[in-house]
Amino acid sequence: MQRNRLFALISAGAAGTAATISWLSVRRLVDRNRPASLAPVVGVATSARKVALVVNPSKSGTDEAISAVQHVCAEAGLVEPLVLESTVEDPGQGAARQALEAGCDVVIAAGGDGTVRAVAEVLRDTEATLGLIPLGTGNLLARNVEVPLEDVGTAAFGAVRGPVRTIDTGSVTLNHVDGSSSEHAFLVIAGIGTDADVMDDTNEELKAKVGWLAYSEAGFRHLPGKRKKISIALDGGSEQTRSVRSVLFANCGKLQGLDLVPEAKIDDGVLDVVVLSPRSAAGWGWIFLKTAFRARGAIPVMGFYPSASLQLRCHEPMNTQIDGDGTGLVNGLSVSVKPASLKIRLA
């Protein structure tokens, strides 16, 4: 396949054997292969029928979220919303199933990215819609679909009475080092390598004090380190071997303060695979500058590949993360996109 031939060229370039012209021509060809954004399904209904609210009781602002949703439901002439709590053992899947069994057609996740992902995992491929009230540190999906982070009232109104949009979700199957496997949904970005090491090593006390800036502190500590070998196959093609620091699988591309993958669309039916292969802190600086200034030129230490599925094999165990939550060491993984699989309500 053309994409695999391109991937081979880029592999050689990262090893120092490809010229800049090769990189630029590859990037133009990859961009040309990107699907156009699929038309999102947008509804004009002004209200839900029955609402559930899944709250993470460990987050501040839950009482305000409950009050806001109750107020919007009362104004819309709906019954009192069903309020359910997540737990450490069950971050939201059980509560979302309970909401569906109770006949709720809107399930609002009030919490961080873990709560949102847990609820979405149950709601995808159903007729129920997801609402968002961001109460976490990252709030990654909320940032990407422009749910207000500091206005609980507006977020609650959109979650109950806003139009419906259909988005893609990602699926990742992890092959754990103990021989077991597990399958998970993700909404924003999953990854393997240094990004997961950073998530795993972020100081929780510092995170509580300064929020997402705590990830930057952990990131600086993980700048040094060696690249690790992986073998990766895109869209069922032939396997290519690379030495990398991280590989990211982006359904959409905005993180805190950065638009990591500007071309990633949440409804285009593909994921954007981002391969990061810096050898030193200078390489990380190159990546940061490209991202911060949204430079379009290709650089050898950062490659982008639109793909609907992939298989990845680690030559030594590597750490993983899903939407910012650490998911442990793996020997490999597989990733795919589920187009138009989740309905969400937005302000």
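Rules and cut-offs
- Residues numbered from 1 in each chain as written.
- Predicted model: local features only at pLDDT ≥ 70, side-chain atom pairs only at ≥ 80, totals over all residues.
- Heavy atoms only, no water.
- Helix = DSSP H or I, 4+ residues; strand = E, 2+ residues; numbered from the N terminus.
- Buried < 20%, exposed > 50% of the residue type's maximum accessible area, 1.4 Å probe, protein only.
- Contact = heavy atoms within 4.5 Å.
- Areas by Shrake-Rupley, 256 points an atom, 1.4 Å probe, with all protein chains shown as cover.
- 1 Å grid on protein atoms, 1.4 Å probe; cavity = no way out; pocket = protein on both sides within 12 Å on 5 of 7 lines; lining within 4 Å.
- Points joined across faces, edges and corners; volume = space filled by probe spheres on them.
- Nonpolar A, V, L, I, M, F, W, Y, C, P; charged D, E, K, R; others polar.
- Axes fitted to C-alpha atoms, helices over the stretch in contact; angles between N-to-C directions.
- Parallel < 35°, antiparallel > 145°, perpendicular 65-115°, else oblique.
- Left-handed = near helix turned anticlockwise from the far one by under 90°.
- Pairing = 2+ DSSP bridges.
- Core = buried A, V, L, I, M, F, W, Y, C linked by side-chain atoms within 4.5 Å.
- pLDDT = per-residue confidence, 0-100.
- Arc of directions from axis to C-beta.
- Polar contact = N/O pair within 3.5 Å; in protein donor to acceptor, adjacent residues only side chain to side chain.

Student: How would you summarise the overall build of the chain if you had to cite specific residues and measurements?
Tutor: Each helix and strand in the chain was counted, giving 11 helices and 16 strands. Expressed as a percentage of its 347 residues, the buried residues of the chain come to 52%. Considering only contacts in the chain between residues 6 or more positions apart, those separated by 24 or more positions represent 72%. Accessible area of the chain: about 14800 Å², with a carbon and sulfur share of 54%.

Student: Explain the side chain of H184 to me, and be specific about the residues and the numbers.
Tutor: Of note, H184 is situated in strand 6 (residues 181-186). In this view, H184 contacts R117, E121, G170, S171, V172, L174 and I322; residues no more than four positions away in its chain are not counted.

Student: Now, about empty space enclosed by the protein: what can you tell me, with residues and values included?
Tutor: Here the idea is plain: a probe the size of a water molecule rolls over the atoms and shows the empty space left. Applying the stated criterion to the full structure yields three cavities of 30 Å³ or more. For the lining of the second largest cavity, the secondary-structure elements that each account for two or more residues are strand 3 (106-111), helix 5 (113-123), strand 4 (129-134) and helix 6 (140-144). When the residues that make up the lining of the second largest cavity are grouped by side-chain class, the tally is eight nonpolar, three polar and one charged.

Student: An account of the environment of V164 is needed here, citing residue identities and associated values.
Tutor: Structurally, the position occupied by V164 is in strand 5 (residues 164-176). As a C-alpha pair, V164 and L346 span 182 residues in sequence and 6.7 Å in three-dimensional space.

Student: Tell me about the packing of helix 4 (residues 93-101) against helix 5, residues and numbers included.
Tutor: Helix 5 packs onto helix 4 with a crossing angle of 45° between their chain directions and a minimal axis gap of 8 Å. Classified by the angle between their axes, helix 4 and helix 5 sit oblique to one another. Note on packing geometry: the crossing formed by helix 4 with helix 5 is right-handed. In contact with Q93, A96, R97 and L100 of helix 4, helix 5 contributes A118, V119, E121, V122 and L123. Its residues assigned to classes, the contact of helix 4 with helix 5 comprises six nonpolar, one polar and two charged.

Student: Would you mind going over the pairing of strand 7 (residues 189-193) in detail, with residue names and values included?
Tutor: Most of strand 7 is tucked away, with five of its five residues classed as buried. As judged from the five bridges shared by strand 7 and strand 10 (residues 246-250), these two strands associate in the antiparallel manner. Bridging from a neighbouring strand, I189 pairs with A250 of strand 10. Pairing geometry for strand 7 and strand 15 (residues 309-322), over three bridges, is antiparallel. Residue pairing for strand 15: I192 is matched across the bridge by T320.

Student: Please provide a residue-by-residue account of the nonpolar core, values included.
Tutor: Of all hydrophobic cores here, the largest spans 65 residues; its most connected members are V51, V69, I108, L130, I133 and L141. The element that contributes the greatest number of residues to this core is helix 3 (residues 62-75), accounting for six residues. With residues up to four places along the chain from it excluded, the contact list for L141 reads D113, V116, L130, L132, I167, L187, V188 and I266. Counting 24 residues, the second-largest nonpolar core is a separate cluster that includes L174, V244, Y305 and M318.

Student: Can you explain the confidence of the model for the chain? Please cite residues and give values.
Tutor: Summary statistics for the chain give a mean pLDDT of 85 and a share of 81% for residues scoring 70 or more. Note that residues 1-33 has pLDDT below 50 and, in this model, 58 contacts with residues that lie over four places away or in other chains. Segment residues 39-45: pLDDT under 50, and 13 contacts once partners within four positions in sequence are set aside and those in other chains are kept.

Student: I'd love a proper account of helix 4, names of residues and values included.
Tutor: Those residues of helix 4 that sit buried are Q93, A95, A96 and A99. Projected down its long axis, helix 4 shows its buried positions confined to an angular sector of 165°, all on one face. Contacts from the buried residues of helix 4 go to strand 1 (51-55), strand 2 (82-85), strand 3 and helix 5.

Student: Which residues make up helix 7 (residues 152-161), and what values do they have?
Tutor: For helix 7, the full list of buried residues reads V152, A155, A156, G158, A159 and V160. Its buried side turned inward, helix 7 meets strand 1, helix 3, strand 3, strand 4 and strand 16 (325-345). The N-terminus of helix 7 is capped by D151, whose side-chain oxygen sits 3.3 Å from the backbone nitrogen of G153.

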